[in-house]
Amino acid sequence: MLVLSGKPVFGGIARGKLFYFQQDENEVVKRLIKDTDRELGRYETAKKHALEELDELYSKAIEKVGENDASIFIIHKMLIEDSTFDSGVRDRIKNDRFSADYAVAQTSRDLSAAFSNLGSNYIKERAADLKDVCDRLIRHIQNKDEKRIELNEKVILCADDLMPSETMQIDLSNVLAIITRYGSSNSHTAILARTMNIPAIIGIGADRLSMLRDMEAIVDGYSGSVYIEPDEAALRRIEQLEENEAKKREMLKRFKGRKNVTLDGTEIEVFANIAGLNDLNYALENDAGGIGLFRSEFLYLGRIHMPDEDEQYFNYRQVLERMGGRKVIIRTMDAGADKNIKSFGLAKEENPALGVRSIRLCLLRPEMFKTQLRALFRASMYGDLSIMLPLVTATEEIHRAKVLIEEAKDQLRAKGVPFKENVPIGIMVETPAAVLMSEDFAREVDFFSIGTNDLEQYIMALDRQNLTLETYYEHKDHEPLLRAMRMVCDNAHRHGIPVGICGELGADLELTEEFLKMGIDEISVTPSQVLPLRQRIRTIKLDERKQLFDPAAVKTINSDTW
Ligand code: PEP
Ligand code: MG
């Protein structure tokens with residue numbers, strides 16, 4: 001038996017076979033060749049194979065996603081066959097004597113740069129497609145197989161790291177547990193695992209993972225241990241653990257239908273975070289009082305084509321209907337940084353966490369943003385919707401977003417489409433700028449929700465993706481963050497708006513009392529953490545609590561006051 005250990009990000013036990021997923025990486029080195037004819041021949045053969053593959057993908061995609069979305073593969077074929085691209089590659093082989101893969105990589109890079117300097121969003125987005133087809137071509141030139149995560153049976157998925165877009169492509173119903181060599185507990189893949197109730201461990205040591213493929217293993221997501229080819233003693237220990245955990249889960253069920261109320265009668269909201277319709281079942285099973293954060297960008301991740309207005313509308317509408325009148329806060333698309341949506345063709349950035357992401361991206365692509373806003377307002381008829389803007393740093397951004405909100409509403413009005421006029425509009429407080437400006441922002445919006453994942457990253461200058469920095473999070477000196485949060489609560493309540501928490505720290509039961517004392521009105525956590533949080537709240541006696549949000553004094557922000 002071999003025991004590996006890492007950092008647990010979601011508890012639970014899983015037993016099964018290990019499936020190792022190796023990311024596709026095209027390594028292209030600059031190489032000069034002598035025989036240019038031979039190299040042109042290699043390029044031609046690769047091109048022929050790539051075109052055949054695209055034909056195949058097109059036929060499969062028609063069955064799976066319909067003709068409209070499948071057409072992306074036609075575009076990819078057109079890009080490979082395009083004369084500018086083709087002559088660019090040939091010139092580099094013939095005149096510069098570059099190897100075929102390097103010639104493709106260089107042509108792709110130059111054309112992408114030209115694309116991104118053009119005004120049209122549509123053309124800019126083709127840069128991502130160009131990169132995709134060139135990766136395909138390079139793979140054929142280098143005679144490599146395409147790597148996809150296709151799971152036909154239930155497995156323990158292990159990888160060096162997983163990007164959210166990769167995670168979204170996997171049929172998660174076949175994933176018993178996730179273990180990764182890198183990653184961090186606040187990364188979106190870890191968040192997704194938690195939301196989906198999948199035991200997950202990150203930071204499993206060194207190079208060993210790839211050697212363990214197909215071996216039997218037990219993942220103990222509570223302690224962060226992985227037992228490879230477990231012996232009898234380990235099996236018995238795990239069985240005992242499973243029994244205890246089942247008892248705990250049973251005990252927690254007693255808290256369903258109960259209030260989130262402290263011993264001295266203060267009641268707060270406990271909501272759930274979700275990333276899509278699948279997670280809604282967990283939110284309902286765990287008796288969440290509402291949805292405090294719907295990460296809407298997950299609808300776009302891992303997709304060939306962006307979801308159109310109707311598809312978004314049906315998704316939002318289903319969430320609202322299934323929550324049956326309970327509050328649902330849908331965050332507008334928070335793409336960028338680690339949530340790189342391929343179809344957007346985002347340029348590579350030096351510091352993506354500080355780059356074109358979230359509300360910045362939406363304001364740069366108003367048509368895309370308004371499509372989402374129209375879908376949201378159409379869905380507003382079916383429940384208690386609030387809309388939340390991510391990563392706000394300036395009043396100007398709120399103003400510009402409001403202009404686009406009004407334009408989206410006007411477009412619906414013009415078509416006679418019904419929607420609710422006064423959908424509350426809030427912002428995530430997840431940057432130091434938003435904390436410092438919270439007094440001003442509170443005058444502009446209907447609610448705040450503190451995104452502790454990003455707020456802690458930016459206040460502490462701690463990359464949330466960096467595993468080496470995990471210990472900084474672990475030593476639990478959250479004082480700088482807590483001071484910022486107190487300031488946000490005070491400013492919000494002074495202006496009559498409520499404050500929630502929707503970052504992962506909301507589930508830290510050692511901080512619950514602190515949060516309640518500073519006056520937090522709502523905490524939104526992963527569905528499985530709703531009942532433990534409720535249980536914790538019910539044990540707290542607050543002898544001092546800051547002023548609470550007073551619904552009677554609520555100011556109403558509507559378009560007349562914008
Ligand atoms: C946060 O930053 O705390 C948050 C909830 O948003 P996300 O984790 O999706 O960035
Ligand atoms: Mg965030």
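Residues numbered from 1 in each chain as written. Chains lettered and ligands numbered in written order. Predicted model: local features only at pLDDT ≥ 70, side-chain atom pairs only at ≥ 80, totals over all residues. Heavy atoms only, no water.

Draft legend 1. Here's a closer look at the overall build of the chain. Scanning the chain for helices and strands turns up 20 helices and 16 strands. For the chain, restricting intrachain contacts to residue pairs at least 6 apart in sequence, the fraction spanning at least 24 positions comes to 72%. Accessible surface computed for the chain: about 24,800 Å², of which carbon and sulfur atoms make up 49%. (Helix = DSSP H or I, 4+ residues; strand = E, 2+ residues; numbered from the N terminus. Contact = heavy atoms within 4.5 Å. Areas by Shrake-Rupley, 256 points an atom, 1.4 Å probe, with all protein chains shown as cover.)

Draft legend 2. Examining the nonpolar core more closely. In this structure, Ile-291, Phe-448, Phe-515 and Ile-520 are the most contacted members of the largest nonpolar core, which totals 102 residues. When residues of this core are sorted by domain, at least three fall in each of domain 1 (2-23 + 148-235) and domain 3 (265-553). In terms of nonpolar packing, the next biggest core, distinct from the first, is built from 31 residues, Ala-46, Leu-51, Leu-57 and Ile-75 among them. (Core = buried A, V, L, I, M, F, W, Y, C linked by side-chain atoms within 4.5 Å. Buried < 20%, exposed > 50% of the residue type's maximum accessible area, 1.4 Å probe, protein only. Domains from an automatic or database assignment.)

Draft legend 3. Region of the structure containing the packing of helix α12 (residues 366-379) against helix α13 (residues 395-415). Viewed as axis vectors pointing N to C, α12 and α13 meet at an angle of 60 degrees, and their least axial separation amounts to 9 Å. With respect to α13, the axis of α12 lies oblique. As for the relative orientation of α12 and α13, their crossing is right-handed in sense. Packed against α12, whose contacting residues are Pro-366, Phe-369, Lys-370, Leu-373, Arg-374, Phe-377 and Arg-378, the element α13 presents Ala-401, Leu-404, Ile-405, Glu-407, Ala-408, Lys-409, Gln-411 and Leu-412 at the interface. Broken down by class, the residue content of the contact of α12 with α13 amounts to nine nonpolar, one polar and five charged. (Axes fitted to C-alpha atoms, helices over the stretch in contact; angles between N-to-C directions. Parallel < 35°, antiparallel > 145°, perpendicular 65-115°, else oblique. Left-handed = near helix turned anticlockwise from the far one by under 90°. Nonpolar A, V, L, I, M, F, W, Y, C, P; charged D, E, K, R; others polar.)

Draft legend 4. Layout of the packing of aromatic side chains. Considering all chains together, one arrives at five aromatic pairs under this definition. Taking 6.1 Å as the distance between ring centres and 80 degrees as the angle between the ring planes, the aromatic pair formed by Phe-294 and Tyr-316 counts as edge-to-face. Linking Phe-294 in strand β10 (residues 291-295) with Tyr-316 in helix α10 (residues 309-322), this pair joins segments that are 22 residues apart in sequence. The exposure classification of Phe-294 matches that of Tyr-316, with both residues buried. Taken together, the ring pairs in this structure connect Tyr-313, Phe-314 and Tyr-382 into an aromatic cluster. The ring of Phe-255 carries the charged tip of Arg-258 above its face, separated from the ring centre by 5.6 Å. Directly above the aromatic system of Tyr-313 lies the positively charged group of Arg-378, at a separation of 4.1 Å from the ring centroid. (Phe/Tyr/Trp six-rings, centres within 6.5 Å; stacked < 30°, edge-to-face > 60°. Lys NZ or Arg CZ within 6 Å of the ring centre and 35° of its normal.)

Draft legend 5. Broad picture of the sheet that holds β10. Judged by pairing direction, the barrel is parallel, and its eight strands sit side by side in the order β9-β10-β11-β12-β13-β14-β15-β16 before closing back on the first. For this sheet, the mean angle separating the axes of adjacent strands, direction not counted, is 30 degrees. Bridge analysis of strand β15 (residues 499-501) against strand β16 (residues 522-525) gives two bridges, and the strand direction is parallel. Within β16, the position partnered with Ile-501 by the bridge is Ile-523. (Pairing = 2+ DSSP bridges.)

Draft legend 6. Main features of helix α9 (residues 277-285). Those residues of α9 lying buried are Asp-279, Leu-280, Tyr-282 and Ala-283. Within α9, the buried residues cover an arc of 165 degrees as seen down the axis, which keeps them to one side. Positive phi shows up at Asp-287, right after α9, with a value of about 60 degrees. (Arc of directions from axis to C-beta.)

Draft legend 7. Highlighting the site of ligand 1. Ligand 1 sits among 16 residues. The nearest are Arg-295, Arg-331, Gly-451, Asn-453 and Arg-464. At a separation of 2.7 Å, an oxygen atom of ligand 1 approaches a polar side-chain atom of Arg-295. Here ligand 1 loses 100% of its free accessible area of 290 Å² to cover by the protein chains. Sort the elements by how many residues they give to the shell around ligand 1 and helix α16 (residues 452-460) lands first, with three residues. Its residues assigned to classes, the shell around ligand 1 shows four nonpolar, five polar and seven charged. (Near = heavy atom within 4 Å. Polar contact = N/O pair within 3.5 Å; in protein donor to acceptor, adjacent residues only side chain to side chain.)

Draft legend 8. The arrangement of the coordination of the magnesium ion (ligand 2) in detail. Donor atoms from the polypeptide that coordinate the magnesium ion (ligand 2) comprise Glu-430 (OE) and Asp-454 (OD), at 2.0 to 2.2 Å from the metal. Taken together, the residues Glu-430 in the loop between β13 (425-429) and α14 (432-436) and Asp-454 in helix α16 connect sequence positions 24 residues apart. The exposure classification of Glu-430 matches that of Asp-454, with both residues buried. (Donors = N, O, S within 2.8 Å, 3.2 Å for Na, K, Ca; no water.)

Draft legend 9. Here's a closer look at the pattern of salt bridges. Under the criterion given, the structure shown has 45 salt bridges. The salt bridge involving Lys-47 is made with Asp-86; its shortest N-O contact spans 2.9 Å. Pair noted here: Lys-47 is in helix α1 (residues 36-70) and Asp-86 is in helix α3 (residues 83-94), with a separation of 39 residues, a long-range link. Accessibility assignment for this pair places Lys-47 and Asp-86 in one class, buried. The residue Arg-413 makes a salt bridge to Asp-410 at a minimum N-O spacing of 2.5 Å. (Salt bridge = Lys/Arg side-chain N within 4 Å of Asp/Glu carboxyl O.)

By themselves these figures say nothing about function.
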